[in-house]
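# What the coordinates show
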Amino acid sequence: MPSITVRNLDEDTKQALRERAARNGRSMEEEARLMLAATEGQSPPPLTAKPSTTEHEDAFSKADNRILLIIGGGIAAYKCLELIRHLKKKEMAVRVIMTRAAQEFITPLSLEALSHDKVLTNLFEREAEHDIGHIRLSREADLVVVAPATADLMAKMANGLADDLASTCLMASDKPILVVPAMNPAMWAHPATRRNVKTLEGDGIHFVGPNSGEMAESGEAGVGRMAEPLEIANAITGLLDSSPKPLAGRRAIVTSGPTHEPIDPVRYIANRSSGKQGHAIAEALGRAGAEVILVSGPVNIPDPKHAEIIHVQTAREMQKMVETALPADIAVMVAAVADWRSAETADEKMKKQDGKGPDSLALTENPDILKGLGHHHNRPQLLIGFAAETEKLEEHGRAKLKRKKADWILANDVSAENGVMGGDNNTIRLLSNKGVEAWPTMDKTEVAERLVERIVAHFETETVET
Ligand code: CTP
């Protein structure tokens, strides 16, 4: 059985092992022993024995520039360690997939230490597949980088082969792909590789390198050296800036969160909305190139990076800010606006009067912001609302579609047992005059991405039709 001495590991590796052992409630030695036992005769296990469910994933999915780095099996694989350091310095989030061959050159452990994320190696890693899934894995990134891209990996890509996690993610990806070839000059010059490069270029794949110079094999020189880490990092920055912006030139208004309707200086009427769904939609629209104004009620989550945010407290303030932000091509009203407010707001804290029971609270109706937009002379071209229901989802959703003159309603079941309000997941039915689309339960960021896909498709069809 193979063995390692923990004290001889480098500091980064030791730290990764320490964290993993702590997570699993074991000593570092015990953890290392189990990992070695698990690797005997098979590919190494994922570094996080029990993937720490949402923490890493959330950090990745919410990061600004998300890189899925696929490491192929070549001697240049070690350069990926420095590449990750450069990307981290640029505040990018890096998730790593290694091919089986790559693991002959560098260890998942050192990559996990640098990327601060679990390193994925195996298509049939049950836990990883359950938690992330290869389709989501390849779609959640903003850019996929293949380095080193071996002749074999490029041949697989050019021919659409998908027999391991790396090649499956490459096939499933809808994001730009940067290939960083590294191989012996004779292999690079080989007619088969020439054909594959041409095919991949035709498929819209981007390349950086290979450079010319000395090879690892003594006496070999020519074109085939992998581009240097800084060069790759710069190519990545360039590509991220030019990622497709299908909503460029469109203006969107999004509302999010609850509203707080004051009763007196310390009390207010509110609801359980967290703002997660509205913020995710604003962010996804911004990433797709739209100019986004997000009008948000009080929430405890960070402002999205790709939207201009206006913070408000009450429904009336929200309505005013939304109408001031007009005209817009798109409006998505996600906020759980309080339907009623206190008819009177006391200037001083209302005092409890012993033995008399509470005063009754007179309520008055708040303006309906979505309905107001539906009937506005400057009505946004595509007006989208939500319907928060606890029963008769479709029936109530359809009634709102009509009453508020919206184009689409995303109906969701907000019954307490579903945990939608304040939670991370949502199950949507998209209602429009074309019918109904039932979406499976997914993370709110995925709901946002899917909605933006539908919005992009809507405007594309419209352009074709006119
Ligand atoms: N909405 C709004 N202004 C309000 C109330 C709701 O803009 N004063 C919007 C929400 O942002 C959402 C849609 O209208 O897009 C439906 O909200 P919902 O709370 O589901 O319905 P209500 O209109 O409040 O009706 P009800 O409470 O009877 O279900």
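The structure we're discussing is the one just above.
A short tour of the structure in this document, coming up. (Residues numbered from 1 in each chain as written. Predicted model: local features only at pLDDT ≥ 70, side-chain atom pairs only at ≥ 80, totals over all residues.)

## Notes on the overall build of the protein chain
Across its full length, the protein chain carries 17 helices and 21 strands. Out of the 466 residues in the protein chain, the part that is buried amounts to 41%. Residue pairs in contact within the protein chain that sit at least 24 positions apart in sequence constitute 70% of those at least 6 positions apart. (Helix = DSSP H or I, 4+ residues; strand = E, 2+ residues; numbered from the N terminus. Buried ≥ 20, exposed ≤ 12 C-beta atoms within 10 Å, placed from the backbone. Contact = placed C-beta atoms within 7 Å.)

## Some details on the site of the ligand
In the vicinity of the ligand there are 17 residues, among which M333, V337, I369, L370 and G385 approach most closely. Listing elements by their share of the shell around the ligand, those giving two or more residues are α15 (369-374) and β16 (382-389). Sort the elements by how many residues they give to the shell around the ligand and β16 lands first, with four residues. Split by residue class, the shell around the ligand holds eleven nonpolar, three polar and three charged. (Near = placed C-beta within 6 Å. Nonpolar A, V, L, I, M, F, W, Y, C, P; charged D, E, K, R; others polar.)

## Examining the pairing of strand β1 (residues 66-71)
Among the six residues that make up β1, six are buried, leaving the element largely enclosed by the rest of the structure. Pairing analysis gives six bridges linking β1 to strand β2 (residues 93-98), with the strands arranged parallel. Bridge pairing in β2 places L68 opposite R95. As for the winding sense of the linkage, the β-α-β connection from β1 through helix α4 (residues 79-89) to β2 is right-handed. Two elements, β1 and strand β3 (residues 143-149), share four bridges in a ladder whose sense is parallel. Its bridge partner being in β3, L68 is matched across the sheet by V144. (Pairing = 2+ DSSP bridges. Right-handed = clockwise from strand over helix to strand, strands pointing away.)

## Notes on helix α8 (residues 151-159)
Side chains of residues three or four places apart in an α-helix project in the same direction, reflecting 3.6 residues per turn. All buried positions along α8 are accounted for by A151, L153, M154, K156, M157 and A158. Contacts made by the buried residues of α8 are with β3, α9 (165-172), β4 (177-181), α10 (185-189) and α11 (191-202). Phi for G160, located one or two positions after α8, is positive at around 70°.

## A look at the packing of α4 against helix α12 (residues 229-241)
Viewed as axis vectors pointing N to C, α4 and α12 meet at an angle of 45°, and their least axial separation amounts to 9 Å. The angle between the axes of α4 and α12 places the two elements in the oblique class. Where α4 crosses over α12, the handedness of that crossing is right-handed. Mapping the contact onto sequence places K79, E82, L83, H86 and L87 in α4 and P229, L230, I232, A233 and I236 in α12. (Axes fitted to C-alpha atoms, helices over the stretch in contact; angles between N-to-C directions. Parallel < 35°, antiparallel > 145°, perpendicular 65-115°, else oblique. Left-handed = near helix turned anticlockwise from the far one by under 90°.)

## Some points on the sheet that holds strand β5 (residues 206-207)
Across the sheet, which stays open at both edges, the five strands sit in the order β2-β1-β3-β4-β5 with parallel pairing between neighbours. Every interior strand has two partners, whereas the edge strands, β2 and β5, have only one.

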